[in-house]
Amino acid sequence: SLNAPYNAMRPMYGKIAENRPVARVWTVVLLLGTCLLYCARVAMPICAVSMAERFSWSKRESGMVLGSFFWGYCFTQVLGGYVSDRVGGEKVMLLSAAAWGAMTAFTPILAHFCSQPIVSMTISRFLMGLLQGVHYPSLASLCSQKVVESERGFLMSTVGSGSYLGTLVIGGVGSLMLDMYGWESVFYISGLLSVLWAYCMWKYLLKGEGELIAGTQSKLSRRNWLRLFRQPAVCAVIVTHLCTASTFFTLLSWLPTFFKDTFPDSKGWVFNVIPWFVAIPSSLFSGCLSDHLISQGMNTHTVNVQDLAPSCAGALFGMWSFLRVIMVYLSGYLIEATNSWASVFALISVVNLLGLGTFLAFAEARRVDIDATKGRYHNIHI
């Protein structure tokens, strides 16, 4: 059958169930880490309106500060995935978390003690992007090398829902802190909690521990990347994620400002919570559905780099970050030039439709980093 080779390959990528309690602990830890990642990341969009009033920023300047994060983000995506594929995603994730947590906590200090806050905030957000850019590639590498295929969908969707949970938490609690204690408190709390998470992860889960999630790490082979990119499925997934991620982060960056401009008398915690509250159950459901379809022998499941090329998933994950910075900055420019939010939402719709069309036309749920032409599955050597 079509799925028999996949079953034969599973021992290479380990078993997740040998120590279920450890696996569950790591799932919760990674979920919490992703939650804190977004608490730190969304702190700036939540506080952007107050900071713009405090430092007299225009919409274009606010867009420059918000977009500078993604300039840094796109530089370390591929490198972070490449390193994670070789030294282990958990190590890369730990070091980066300690660094971006500290950077978040120091953000108010940089804003107040620099004579040009727009410059210091642009640089600090750029550095935040550099440091956070390795998180998801390292997570993708960790998942592809440590988790069996039938479990990946639920694990990634559960951990991935941390992005919505973090946005939900910082949108609700952060908005209340913003009103009660000022915008500085949002950065202090989210940054210090992130550093604490990194310390606990190192002390209790990594220091002196052996396997992360039961399984053996796959050995990477040298391959012709050009041939890999000639695969339509790979290009389709890169383009699709490029479109969806860029529009997601545009909404993430600008929705607080949109609601503040459109409904100035509304409470911030309401409109910063509702969109992401709905997203959490849909993310968990998609992961369960994906795993169910795989267990039924179907290939029509969620297509991602963990399925397409698990041996180099981390590096491939980093390929689709470059459009985000353009979208976030362009949105700020459109708002200021047209004085209308409709142009921004129209741009988001067009980009999303482009991604959907590409996905439906070319995406496939099959591995492309192995050679299936000889009746047996092994790494491609060119």
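Taking an unreviewed UniProt entry as the reference, the chain is identified by name as Solute carrier family 17 member 9b belonging to Astyanax mexicanus. Recorded in UniProt for the chain, the comment headed Subcellular location (unreviewed entry) runs: "Membrane".

Right, let's get into the overall build of the chain. Within the chain, the secondary structure is distributed over 16 helices and 0 strands. Within the chain, contacts between residues separated by at least 24 positions form 86% of all contacts whose residues are at least 6 apart in sequence.

Look at helix 8 (residues 183-206): 34 Å from first C-alpha to last across 24 residues, which is about the 34 Å you get at 1.5 Å a residue. Considered for burial, the residues of helix 8 that qualify are W183, E184, S185, V186, F187, S190, G191, S194, W197, A198, M201 and L205.

Let's shift gears to the nonpolar core. For soluble globular proteins, the rule of thumb is that nonpolar side chains tend to be buried together. Formed by 71 residues in total, the largest nonpolar core has its most connected members in Y38, C47, M51, W57, W183 and W197. Looking at this core, the element that brings in the most residues is helix 2 (residues 20-55), giving 18 residues. Leave out the neighbours within four places in its chain, and W183 touches C47, S50, M51, R54, F55, P108, A111, H112 and L178.

Once that is clear, we can look at the pattern of salt bridges. The final tally for this structure, using the stated rule, is 1 salt bridge. For K59, the salt bridge identified is with D261, shortest N-O distance 3.4 Å. On the criterion of sequence distance, the pair formed by K59 in helix 3 (residues 59-87) and D261 in helix 10 (residues 232-262) is long-range, its members being 202 residues apart. For K59, a relative accessible area of 28% gives the class partly exposed.

It is worth spelling out helix 3 at this point. Counted at 1.5 Å a residue, the expected span for helix 3 with its 29 residues is 42 Å, and the 42 Å between its end C-alpha atoms agrees. If you look at helix 3, its biggest bend is around 35°, right at T76. The first or second residue beyond helix 3 is G88, which carries a positive phi of 110°.

The subject of this paragraph is unusual backbone geometry. Positive phi, close to 60°, is recorded for S56, a residue that is not glycine. Mapped onto the elements of the fold, S56 is located in the loop between helix 2 and helix 3.

What follows concerns the side chain of T107. You can see T107 is positioned in helix 4 (residues 89-113). What makes T107 buried here is its relative accessible area of 4%. The contact partners of T107, leaving out residues within four places of it in the chain, are M121 and F187.

Before going further, it helps to examine the packing of aromatic side chains. Aromatic ring pairs are defined here through the distance separating the ring centres and the angle between the ring planes. Enumeration over the complete set of coordinates arrives at 14 aromatic pairs. Centroid distance Y38 to Y136: 6.4 Å. Interplanar angle 75°. Geometry classified as edge-to-face. Here Y38 is found in helix 2, whereas its partner Y136 is found in helix 6 (residues 135-146), with 98 residues between them in sequence. Taking the relative accessible area as the measure of exposure, Y38 reaches 3% and is therefore buried. Through a chain of ring-to-ring contacts, three or more aromatic side chains come together here, namely W254, F258, F259, F263, W341 and F345. Across from the ring centre of Y38, 4.6 Å away, lies the NZ or CZ of R41, which sits over that ring.

In this structure the tally under the stated criterion is 0 disulfides. C39 takes part in no disulfide bond, and the closest cysteine sulfur to it belongs to C35, at a distance of 4.3 Å.

Now for the confidence of the model for the chain. Of the residues in the chain, 72% have a pLDDT of 70 or more, and the chain-wide mean is 76. Across residues 1-18, where pLDDT falls below 50, the model places 43 contacts with residues more than four positions away in sequence or in other chains. A low-confidence stretch, residues 372-382 stays under pLDDT 50, and its non-local contacts, those more than four residues away or across chains, total 26 contacts.

Rules and cut-offs
- Residues numbered from 1 in each chain as written.
- Predicted model: local features only at pLDDT ≥ 70, side-chain atom pairs only at ≥ 80, totals over all residues.
- Heavy atoms only, no water.
- UniProt positions renumbered as here; feature names shortened; annotations may be inferred.
- Helix = DSSP H or I, 4+ residues; strand = E, 2+ residues; numbered from the N terminus.
- Contact = heavy atoms within 4.5 Å.
- Expected span 1.5 Å × (residues − 1).
- Buried < 20%, exposed > 50% of the residue type's maximum accessible area, 1.4 Å probe, protein only.
- Core = buried A, V, L, I, M, F, W, Y, C linked by side-chain atoms within 4.5 Å.
- Salt bridge = Lys/Arg side-chain N within 4 Å of Asp/Glu carboxyl O.
- Bend = angle between axes of the 7 residues up to and from the residue.
- Phe/Tyr/Trp six-rings, centres within 6.5 Å; stacked < 30°, edge-to-face > 60°.
- Lys NZ or Arg CZ within 6 Å of the ring centre and 35° of its normal.
- Disulfide = S-S within 2.5 Å.
- pLDDT = per-residue confidence, 0-100.

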